[in-house]
Amino acid sequence: MSPEVIEKILKKTGQPDLIGLLTESLSASELNSLLLEVFNRSVSRYSAPELLRNYQLNRFVKPVDLDFMRFRELETAVLNVFAAFRFQPQELSPVSALGSCSVVAPADQKKILSALRGTEVLADATNALALHIADLKQTGRWKPGDPSEQLRLSAVHRHVRTPMVVHAGHTPHFKIGCLVSAGRDTGDFRFEMQSVAEHLSVLTAVFRDTLKAENLRFKFMTRGGYDDPVRLLERVRDHICSQRSDVPITLDTEPATSNTYYKGLQYKALITVRGQEIEIGDGGFVDWTQQFLQNRKERLMTSGIGVEWFYRLMNQTT
Amino acid sequence: MKSQVIYEDEATRYLKIAYPTAPLRPYVEYFFEVLQPATLSNPLYLTGLPSLNGLLCVVLNDRHWLSFHSSAPTVQSLKGSRFLGPISHLFTSIYPEGTHQFLVKFKPGMMGRFFGFPDRELENGQVDLSYLAPGEPIDDLLRELPDFQSRVNRIEFVLLDKLPNLKSDYRFELVQRALHYFQSAPGHAGVSDVSRQLPVTYPSLYRYFTEELGYSPKYCQRLIRFKKAYRLYKLHGSIYPFEEAGYTDFSHFVRETRLLTTKVPSEL
């Protein structure tokens, strides 16, 4: 929403400081109670035909336009691979804690469907998994057997994001497959090398071996947040290449100052569909568990793959 | 793909092989055990070529593995001991954390005779051991034994115990004789030769094969010829005179490999 529109609305209410009043003078729970009442009154005025009209105009509420059973098969195949590689699949809540994405990462809350009762509609499952991991660690419900042990979780979940879609085939809500590895820094980039190698193994098993995607390759890019990201990239790449000659990796060590989402290393997974190279996966290190647990030794590697995007690409008629 | 085919004559430190004692030789090709470590970042890939043999697979560790065939985008996540049926496609298995399996490789059509089901019902499939052999804790028996030789001795004992109950008839025996002929005759021996040798008409032979194995005699002959030739290819490369293995030339062998496996020999 642009500032001009907000200003216009505030003018109409005759309360120019309404936002300040609601966000600063009220506690989160008071604001929630107030908004619940506002929505309650507002909805009580709706008629059934009005509801239908709202449904027809709302781009977030429509079902997905694909063959559900075939898509579910693909989803199950992906989850089977995740589980076999010990990335324990999680059935996440449709909502996450309000601010899950924007508090710890440079994500705009306006691109997320904020909801009541301290929630937002899930916009990135890796953030929800990171919160779950931090909770498990802080409450002692998960403890590593040895310092290098990793906690591996996965999900295939429907995401909702509010920006208008500009690419053909993209939709306001879509399913993403996610992998998250959490561990601690044990020196010499050990966590980094192992976790990236494992994520790439899973993606290779998913796209190349299971879904028969063509020309799967990975591109590594340096990102800020590490003392020597070029060395990090080379160590990770060399570690993977020493084990697997069948996983093609290219490096892009040009510094990208604008991308502060990932720390040290970002990677992209690319496949070829009908002669065109398509970006089908993305991942890298993030500092979210460091922030949640206030411990700089925490490490977190995340990956996301376009499960629904892949299905749509493979089932395009032209 | 870095997947590998393991052959019985490729001695590796990960593979142990033992051959059956005389009474079981008509039924069992061999026993083998694969103990191969792997890590999530460097998983083990094994390829299974199309095969008429059924396998009894006893899993000695408690790990999942993935299995998928060459053309369909489906994957099966497997765990635990199972009967593996004959396969008409290339199958690849991924063992993310390595594998430790003890296997019995039965001669075509024989596995089901021991356990009371037709092998053809398991074509391109697998089923949990306890489902088709309820009340027979074979995997428990073998898991608790300390080494490969003890497991061989124990499974031989189990199979020998079943031997007197094995049902056979003249059709099954004809099929076995035909398979033996394909296996031992020179590469150019065809289905018409075997019809003459047995002797049986081709329509009868066709019927017996499809009833007993689920495949035509021609397909079985092609598969046996391919596996013999592929072994020679692995040993000698493309310079081997493939006409001696029953092909017109090397290109013919390559075409046949592609037809049977969707890949060329060098990709296997």
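About the criteria used
Residues numbered from 1 in each chain as written. Chains lettered and ligands numbered in written order. Predicted model: local features only at pLDDT ≥ 70, side-chain atom pairs only at ≥ 80, totals over all residues. Heavy atoms only, no water. Axes fitted to C-alpha atoms, helices over the stretch in contact; angles between N-to-C directions. Helix = DSSP H or I, 4+ residues; strand = E, 2+ residues; numbered from the N terminus. Parallel < 35°, antiparallel > 145°, perpendicular 65-115°, else oblique. Contact = heavy atoms within 4.5 Å. Nonpolar A, V, L, I, M, F, W, Y, C, P; charged D, E, K, R; others polar. Buried < 20%, exposed > 50% of the residue type's maximum accessible area, 1.4 Å probe, protein only. Polar contact = N/O pair within 3.5 Å; in protein donor to acceptor, adjacent residues only side chain to side chain. Domains from an automatic or database assignment. Pairing = 2+ DSSP bridges. Buried area = accessible area lost by both parts, 1.4 Å probe. Salt bridge = Lys/Arg side-chain N within 4 Å of Asp/Glu carboxyl O. Core = buried A, V, L, I, M, F, W, Y, C linked by side-chain atoms within 4.5 Å.

## So, the packing of helix H5 (residues 170-184) of chain B against helix H7 (residues 202-212) of chain B
All names here are of chain B. Relative orientation of the contacting elements H5 and H7 amounts to 100°, with a least axis distance of 9 Å. Accordingly, the angle class assigned to the pair H5 and H7 is roughly perpendicular. Contacts between H5 and H7 pair Tyr 170, Arg 171, Phe 172, Leu 174, Val 175, Ala 178, Leu 179 and Phe 182 from the former with Leu 205, Tyr 208, Phe 209, Glu 211 and Glu 212 from the latter. Residues belonging to the contact of H5 with H7 are distributed by class as follows: ten nonpolar, no polar and three charged.

## Examining the side chain of A:Arg299
Residues and elements named next belong to chain A. In this structure, Arg 299 sits in strand S10 (residues 298-305). Classification of Arg 299 by relative accessible area gives buried; the value is 12%. Polar contacts involving the side chain of Arg 299 include one to the side chain of Glu 192, which spans 3.1 Å. Excluding residues within four positions of it along the chain, Arg 299 makes contact with Ser 181, Ala 182, Gly 183, Arg 184, Asp 185, Phe 191, Glu 192, Tyr 226, Thr 289 and Gln 290.

## Side note on the domain arrangement of chain A
Partitioning chain A into structural domains gives domain 1 (3-45) and domain 2 (68-314). Taking only C-alpha atoms into account, the centre of domain 1 of chain A sits 36 Å from that of domain 2 of chain A.

## Some remarks on the sheet that holds strand S8 (residues 91-95) of chain B
Pairing is antiparallel across the open sheet formed by four strands, whose spatial order is S3-S8-S5-S6 (chain B). Looking along the sheet, the strands with just one partner apiece sit at the ends: strand S3 (44-48) and strand S6 (76-78) of chain B. Looking at each pair of strands side by side, their axes are set apart by 25° on average, direction ignored. Where helix H7 (residues 190-210) of chain A meets the sheet, it contacts S3, strand S5 (65-69) and S8 of chain B, and its direction lies at approximately 20° from that of S3(B).

## Remarks on the sheet that holds strand S10 (residues 126-128) of chain B
Residue and element names in this part refer to chain B. Pairing within the open sheet is antiparallel, and its six strands lie in the order S1-S2-S9-S4-S7-S10. If you trace the sheet from one side to the other, it starts and ends with strand S1 (15-18) and S10, each paired once. Neighbour-to-neighbour, the strand axes of this sheet turn through a mean angle of 20°, independent of strand direction. In terms of strand pairing, strand S2 (residues 28-36) meets strand S9 (residues 99-106) through eight bridges, oriented antiparallel.

## Considering the domain arrangement of chain B
All names here are of chain B. With domains assigned, chain B is organised as domain 1 (15-165) and domain 2 (170-267). The distance between the C-alpha centroids of domain 1 and domain 2 comes to 24 Å. Facing the 16 residues of domain 1 at the interface are 20 residues of domain 2. Of the roughly 1500 Å² buried at the junction of domain 1 and domain 2 (both faces included), carbon and sulfur atoms supply 65%. Where domain 1 meets domain 2, there are one salt bridge. Between Glu 212 and Arg 113 there is a salt bridge, with the nearest N and O atoms lying 2.8 Å from each other. Inspection of the domain 1/domain 2 interface yields five residue pairs in polar contact (both at pLDDT 80 or more). In terms of residue class, the side of domain 1 that touches domain 2 is built from eight nonpolar, five polar and three charged.

## Section: the nonpolar core
With 55 residues, the main nonpolar core has A:Phe207, A:Phe218 and A:Phe220 as its most contacted residues. The biggest single contributor to this core is H7(A), with ten residues. Apart from residues no more than four positions distant in its own chain, A:Phe207 is found in contact with A:Lys212, A:Ala213, A:Leu216, A:Ile280, A:Ile305 and A:Phe310. Membership of the second largest hydrophobic core comes to 34 residues, among which are B:Cys220, B:Leu223, B:Tyr240 and B:Leu268.

## What about the pattern of salt bridges?
Charged atoms that come close allow side chains of opposite charge to pair. Residues and elements named next belong to chain A. For the structure shown, the criterion picks out 32 salt bridges over all chains. We note a salt bridge from Arg 237 to Asp 238, for which the minimum N-O separation is 2.8 Å. A residue is classified by how much of its surface remains accessible, and Asp 238, at 40% relative accessible area, is partly exposed. Through salt bridges that share partners, Asp 65, Arg 158, Glu 308 and Arg 312 make up one connected network.

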